[in-house]
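Tertiary structure, described
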Amino acid sequence: ACCSYRLRDALHPLWQSPLTIPGGTRQSPINIQWRDSVYDPFLKPLKISYDPTTCLHIWNNGYSFLVEFDDSTDRSTIVGGPLENQYRLKQFHFHWGAINDWGSEHTVDCKFYPAELHLVHWNAVEYPSFEEAVMEGNGLAVIGVFLKLGARHEGLQTLVDALPAVRHKDTVIEFDVFDPSCLIPSCPDYWTYAGSLTTPPLTESVTWIIKKKPIEVDEDQLEAFRTLLFSSHGEEERRMVDNFRPLQPLMNRTVRSMSI
Ligand SMILES: NS(=O)(=O)c1ccc(S(=O)(=O)NCc2cccs2)s1
Ligand SMILES: [Zn+2]
């Protein structure tokens, strides 16, 4: 591939854990080579149905900031696309860089975006809990959306305005109503492949659905992400930046495309 990835058994500074899991054959993230993706006419459009009132809170977990949802019912779900079942929205979060030249986890033709949004869903049809679904090959479905520098994103701004309240690790604030579909491009085109979580436990349980079109955010909004901290109150301040995992080998996988 045109991109080099780090030594496969190096320790990752962010997690002090092995960068790869032994015997991993479907790790994420990967580089998506546009011309190598294969059009699959059987792929359907993804159907997204989120209820904004299922939003619970925003918290800084020391890796990223997460917006978590009430996943005790099927009020916020996705279905269709490459998925056999309906999946429930659990949380969404972002990955970003110290500067705009990098920050996304996936790359497209070896190009980084300054940030990437992940909306995490779990297969509540086949598994009784999120924790169990995390351990199963078809347990999770994550929608990836690239962020590029451009116009201010009004929907994102409501999140950005709340970030000062979750600046430190393990801080949380209530966040009652938010519709994450405002962060997903209206263009239906996506790539999909079988992969993993990109942070521990790195389990190979994710059907990735990566939107082809990015959303636009402005410089101030990206800078707001960079004001967050990995560190807790009272600790020496460590800026939360570059919270993305290095690219992983594609191995024996094909990236499918739902559009020609
Ligand atoms: N970057 S990403 O979308 O691949 C994710 C990494 C970790 C995710 S999680 O929400 O499953 N938390 C991990 C777990 C919590 C409890 C048991 S495992 S999602
Ligand atoms: Zn993520």
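Residues numbered from 1 in each chain as written. Chains lettered and ligands numbered in written order. Predicted model: local features only at pLDDT ≥ 70, side-chain atom pairs only at ≥ 80, totals over all residues. Heavy atoms only, no water.

**Section: the overall build of the chain**
In terms of helices and strands, the chain carries three helices and 17 strands. In terms of overall dimensions, the chain has C-alpha extents of about 50 × 40 × 40 Å along its principal axes. Here the chain holds 260 residues, and the buried ones make up 57% of them. A sequence separation of at least 24 residues applies to 72% of the contacts in the chain between residues at least 6 apart. Summing over all exposed atoms, the chain offers an accessible surface of approximately 11600 Å²; the carbon and sulfur share of this is 54%. Placing the 23 positive and 34 negative side-chain charges of the chain at their respective mean positions leaves the two points 6 Å apart. (Helix = DSSP H or I, 4+ residues; strand = E, 2+ residues; numbered from the N terminus. Buried < 20%, exposed > 50% of the residue type's maximum accessible area, 1.4 Å probe, protein only. Contact = heavy atoms within 4.5 Å. Areas by Shrake-Rupley, 256 points an atom, 1.4 Å probe, with all protein chains shown as cover. Lys, Arg positive; Asp, Glu negative; His and termini not counted. Charge placed at Lys NZ, Arg CZ, Asp CG, Glu CD.)

**Digging into the packing of aromatic side chains**
Under the definition given, this model contains twelve aromatic pairs. Between phenylalanine 92 and phenylalanine 178 the ring centres are 5.8 Å apart and the planes differ by 40°, which places this aromatic pair in the tilted class. Taken together, the residues phenylalanine 92 in strand E9 (residues 87-96) and phenylalanine 178 in the loop between strand E13 (172-174) and strand E14 (190-195) connect sequence positions 86 residues apart. The same class applies to phenylalanine 92 as to phenylalanine 178, namely buried. Taking NZ or CZ as reference, lysine 90 lies 4.8 Å from the ring centre of phenylalanine 130, over its face. Lying over the aromatic face of tyrosine 113, lysine 111 brings its terminal NZ or CZ to 4.1 Å of the ring centre. (Phe/Tyr/Trp six-rings, centres within 6.5 Å; stacked < 30°, edge-to-face > 60°. Lys NZ or Arg CZ within 6 Å of the ring centre and 35° of its normal.)

**Comments concerning the pairing of strand E6 (residues 55-60)**
Here E6 pairs with strand E7 (residues 65-69) via five bridges, running antiparallel. Pairing of tryptophan 59 across the sheet is with leucine 66, part of E7. Counting the residues in the hairpin turn of E6 and E7 gives four residues, including glycine 62, whose phi is positive at 90°. As judged from the three bridges shared by E6 and E13, these two strands associate in the antiparallel manner. (Pairing = 2+ DSSP bridges.)

**Remarks on the site of ligand 1**
Near ligand 1 there are 14 residues, and of these Gln91, His95, Phe130, Thr198 and Thr199 occur at the shortest range. The side chain of histidine 95 places a nitrogen or oxygen atom 3.2 Å from a nitrogen atom of ligand 1. In this structure, a nitrogen atom belonging to ligand 1 sits 2.8 Å away from a side-chain N or O atom of threonine 198. Within the residue set of the shell around ligand 1, elements represented by two or more residues are E9 and strand E11 (115-122). (Near = heavy atom within 4 Å. Polar contact = N/O pair within 3.5 Å; in protein donor to acceptor, adjacent residues only side chain to side chain.)

**Let's talk about unusual backbone geometry**
At the junction of serine 28 and proline 29, the peptide bond is cis and its omega measures out at 0° in the coordinates. For proline 29, the location among the structural elements is in the loop between strand E2 (17-18) and strand E3 (31-32). That bond from proline 200 to proline 201 is cis: its omega, 10°, falls within 30 degrees of zero. One can find proline 201 in the loop between E14 and strand E15 (206-211). Residues other than glycine seldom take positive phi values, yet cysteine 110 does so here, at roughly 70°. With respect to the secondary-structure elements, cysteine 110 resides in the loop between strand E10 (107-108) and E11. Under the relative-accessibility criterion, cysteine 110 is labelled partly exposed at 24%.

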